[in-house]
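A closer look at the structure
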Amino acid sequence: MFDQIKRNLYVFGWFLYRDFFIFSKNWHRVAINFGLFIPVSLTFCFGYILPNSNMINPSPEQITTFFVGSILWTLFPLAFVLNIDLLYDLEHDRFIDYQISILNPRLILIEKIFFSSLIAFVTSCLFYPVSRLLLGSYFYAAHFSWPALLMVLYMGSLFCAAFNIFVLSFIESTKKTGIFWMRINNPMISLGGLFIPWYVMKIFSPLLGYFILLNPLIYLTEGLRRAIIGDVVFLPIWLCVSMLFLFMIFFTLLAIYFFKKKIDHI
């Protein structure tokens, strides 16, 4: 039993090393596109242009509240991009067949979730320092908490990785990715606190507010707003982290189920 665990950890570690080695050849593209270019463009669009064109003399706190959730357009697509090779592999190369021959398929999916979550987390950590540098005094950070922010960001990265592994295990082919983004992912992002915090939705419609709590992304944006702005009107950090963890477990289990159904492994 111990030897089997030791062997699995050894193979798990080498597959993780392989993923990092392959990623190292293109890391600069991810860093430039998702770590710099997208944060800069989102900062100017949602930190400067939209608040000042749609609000009357917006305060730094209002601008930051409006802007913080835009990280969804960095973190969520990045987790998808990092894992799309799984779907391409299932359709063509089938390297996955070799992997499942020497390591438990469940551990392979967990390795992919762990790898992509680390890359997404490190890359997304650049988002708020870049936006704070560009926004200057417009970025409200009186109660900024790095420990809380990093905790929420990593749990959010884990969830996004698990969810996208589930999506790629569930859909039939790459031709269906556009449909899934249109019908599932885009509504999730739009209703995940992208611009509007949860308490505003709840005031507008209590029924809508409670329905939105079924969207995992609301806990990511609420946790980030609470970590950066610190106002008690946002959901508490412990709740956001706990719910992101539970949703991550839920979608990991779904990914394992649909992955087995797709490739019919033993």
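Conventions adopted
Residues numbered from 1 in each chain as written. Predicted model: local features only at pLDDT ≥ 70, side-chain atom pairs only at ≥ 80, totals over all residues. Heavy atoms only, no water. Helix = DSSP H or I, 4+ residues; strand = E, 2+ residues; numbered from the N terminus. Rg over C-alpha atoms; globule rule 2.2 N^0.38 Å. Buried < 20%, exposed > 50% of the residue type's maximum accessible area, 1.4 Å probe, protein only. Contact = heavy atoms within 4.5 Å. Areas by Shrake-Rupley, 256 points an atom, 1.4 Å probe, with all protein chains shown as cover. Lys, Arg positive; Asp, Glu negative; His and termini not counted. Charge placed at Lys NZ, Arg CZ, Asp CG, Glu CD. 1 Å grid on protein atoms, 1.4 Å probe; cavity = no way out; pocket = protein on both sides within 12 Å on 5 of 7 lines; lining within 4 Å. Points joined across faces, edges and corners; volume = space filled by probe spheres on them. Nonpolar A, V, L, I, M, F, W, Y, C, P; charged D, E, K, R; others polar. Bend = angle between axes of the 7 residues up to and from the residue. Core = buried A, V, L, I, M, F, W, Y, C linked by side-chain atoms within 4.5 Å. Salt bridge = Lys/Arg side-chain N within 4 Å of Asp/Glu carboxyl O. Phe/Tyr/Trp six-rings, centres within 6.5 Å; stacked < 30°, edge-to-face > 60°.

Some details on the overall build of the protein
- Secondary structure summary: the protein contains 13 helices and zero strands in total.
- Counting from the amino terminus, helix and strand elements in the protein follow one another as α-α-α-α-α-α-α-α-α-α-α-α-α.
- Its C-alpha radius of gyration of 19 Å places the protein within 12% of the 18 Å reference for a compact globule of 266 residues.
- Once the C-alpha set of the protein is aligned to its principal axes, its extents read approximately 60 × 40 × 40 Å.
- Here the protein holds 266 residues, and the buried ones make up 50% of them.
- Pairs at least 24 residues apart make up 80% of the contacts formed inside the protein by residues separated by at least 6 positions.
- Total accessible area on the protein stands at roughly 13,400 Å², and carbon and sulfur atoms take up 70% of it.
- Looking at the protein, you have 18 positive and 13 negative side-chain charges, and the mean spots of the two groups are 2 Å apart.

Section: the layout of surface pockets
- Its boundaries defined by the atoms lining it, the largest pocket holds a volume of some 640 Å³.
- Considering the residues around the largest pocket, the lining is formed by 23 residues, among which I22, V81, L82, D85 and F115 are closest to the centre.
- Top contributing element to the lining of the largest pocket by residue count: helix α4 (residues 72–91), with eight residues.
- For the lining of the largest pocket, the residue count by class is twelve nonpolar, four polar and seven charged.
- Elements with a minimum of two residues in the lining of the second largest pocket: α3 (60–68) and α10 (198–204).

Some thoughts on helix α2 (residues 27–54)
- Approximately 30° is the largest bend angle found in α2, and it occurs at F37, with the proline P39 only one to four residues beyond.
- For α2, the complete set of buried residues consists of V30, F34, G35, I38, P39, L42, T43, F46, G47 and P51.
- Here the buried face of α2 lies against α1 (2–23), α3, α4, α6 (105–124) and α7 (127–135).

Considering the nonpolar core
- F76, Y128, F159, F163, L217 and L224 are the most contacted members of the largest nonpolar core, which has 87 residues in total.
- Counting residues per element, this core draws most heavily on helix α8 (residues 146–170), at 15 residues.

Considering the pattern of salt bridges
- On inspection of all chains with the given rule, the structure shows one salt bridge.
- The partner of D19 in a salt bridge is R18, and the shortest N-O contact between them spans 3.4 Å.
- For R18, a relative accessible area of 30% translates into the label partly exposed.

Some points on the packing of aromatic side chains
- Under the criterion given, the structure shown has 31 aromatic pairs.
- On the basis of an interplanar angle of 70° and a centroid distance of 5.8 Å, the ring pair of F159 and F251 is categorised as edge-to-face. Taken together, the residues F159 in helix α8 and F251 in helix α13 (residues 237–263) connect sequence positions 92 residues apart. Both residues of the pair, F159 and F251, count as buried.
- Taken together, a centroid distance of 6.4 Å and an interplanar angle of 65° make the contact between F170 and F180 edge-to-face. Here F170 is found in helix α8, whereas its partner F180 is found in helix α9 (residues 177–190), with ten residues between them in sequence.
- With relative accessibility at 40%, the residue F170 sits in the partly exposed group.

Comments concerning the side chain of T177
- Positionally, T177 belongs in helix α9.
- In this structure, T177 is in contact with F80, I84, L87 and I171, ignoring residues within four places of it in sequence.

A closer look at unusual backbone geometry
- Phi is positive for N57, which is not a glycine, with a value near 45°.
- Structurally, N57 can be placed in the loop between α2 and α3.
- N57 gets classed as exposed once you look at its relative accessible area, which sits at 72%.

Some thoughts on the side chain of S117
- Considering the arrangement of structural elements, one finds S117 in helix α6.
- Exposure remark for S117: the relative accessible area of 0% places this residue in the buried category.
- Ignoring anything within four residues of it in the chain, the contact list for S117 reads Y154, S157, L158 and A161.

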